[in-house]
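Understanding the architecture of this molecule
Here is what each chain is made of, one letter per residue.
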Amino acid sequence: MADGRRYVVHEVLGSGGFGTVYRAELLGDDGFAKEVALKVLHPDEDRPEFLARLRDEARGLGLVRHRALVGGEELVRLEGRSAVVMELVRGMPLDAFVREGGLPAGVALGIVAEVAAAGAAGGGA
């Protein structure tokens, strides 16, 4: 990248229908470093419809700032593949959390309400 930024990928956090999310480190000029999440399209998904979906996701995450939503940084090309740079949020995979006993109903409803408020704040972005 022209501004001296590069990404060092550390581990896979999860994989879905059209991409894989990695824990990575953004390294910049003058020793700048920041942990980020990288959502990278699968190699066989670099088609116009998936690029448009990823671009829309990046735009939505970049426009809305809310404590219930992960923040989006930018859309980049890494080794010929499209990726969204996102805020890294530490936590537990949902399936593991449910196996551990999950949440009381009142707490779960509070989380759902918070996420719904975030969607409303962003106009559904």
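For the structure, see preceding data.
Below you will find a few notes about this structure.

Procedures and definitions
Residues numbered from 1 in each chain as written. Predicted model: local features only at pLDDT ≥ 70, side-chain atom pairs only at ≥ 80, totals over all residues. Heavy atoms only, no water. 1 Å grid on protein atoms, 1.4 Å probe; cavity = no way out; pocket = protein on both sides within 12 Å on 5 of 7 lines; lining within 4 Å. Points joined across faces, edges and corners; volume = space filled by probe spheres on them. Helix = DSSP H or I, 4+ residues; strand = E, 2+ residues; numbered from the N terminus. Nonpolar A, V, L, I, M, F, W, Y, C, P; charged D, E, K, R; others polar. Salt bridge = Lys/Arg side-chain N within 4 Å of Asp/Glu carboxyl O. Buried < 20%, exposed > 50% of the residue type's maximum accessible area, 1.4 Å probe, protein only. Pairing = 2+ DSSP bridges. Phe/Tyr/Trp six-rings, centres within 6.5 Å; stacked < 30°, edge-to-face > 60°. Axes fitted to C-alpha atoms, helices over the stretch in contact; angles between N-to-C directions.

1. Description of the layout of surface pockets
- Its boundaries defined by the atoms lining it, the largest pocket holds a volume of some 1100 Å³.
- Lining of the largest pocket is provided by 28 residues; of these, Val-89, Arg-90, Gly-91, Met-92 and Pro-93 occupy positions nearest its centre.
- For the lining of the largest pocket, the secondary-structure elements that each account for two or more residues are β1 (6-15), β2 (19-27), β3 (33-41), β5 (81-87), α2 (94-99) and α3 (105-121).
- Lining of the second largest pocket is provided by Tyr-7, Val-9, Tyr-22, Leu-38, Val-40, Leu-78, Glu-79 and Arg-81.
- Counting residues per element, the ones that place at least two in the lining of the second largest pocket are β1 and β3.
- Tallied by class, the residues present in the lining of the second largest pocket amount to six nonpolar, no polar and two charged.

2. Quick word on the pattern of salt bridges
- Counted according to the given criterion, the structure contains eight salt bridges.
- For Arg-5, the salt bridge goes to Glu-74, with nearest N and O atoms at 2.6 Å. Taken together, the positions of Arg-5 in the segment before β1 and Glu-74 in strand β4 (residues 72-78) put the pair 69 residues apart, joining distant regions of the chain.
- Given the relative accessible area of 25%, Glu-74 is considered partly exposed.

3. Thoughts on the pairing of β3
- Pairing of β2 with β3 involves nine bridges; the strand directions are antiparallel. By the bridge assignment, Leu-26 is partnered in β3 with Lys-34.
- Where β3 and β5 come together, five bridges link them in antiparallel fashion. Its bridge partner being in β5, Leu-38 is matched across the sheet by Val-85.

4. Considerations on the packing of aromatic side chains
- What the rule picks out here adds up to one aromatic pair.
- Between Phe-18 and Phe-50 the ring centres are 5.8 Å apart and the planes differ by 25 degrees, which places this aromatic pair in the stacked class. Of the two residues, Phe-18 sits in the loop between β1 and β2 while Phe-50 sits in helix α1 (residues 48-63), which places them 32 residues apart along the sequence.
- The class of Phe-18 is buried, set by a relative accessible area of 3%.
- Given a relative accessible area of 16%, Phe-50 falls into the buried group.

5. Considerations on the sheet that holds β5
- Spatial ordering of the open sheet is given by β1-β2-β3-β5-β4, a layout of five strands whose pairing is antiparallel. Since the sheet does not close on itself, it has two edges, and those belong to β1 and β4, each with one partner. Across the sheet, the mean angle separating the axes of adjacent strands is 30 degrees when strand polarity is ignored.

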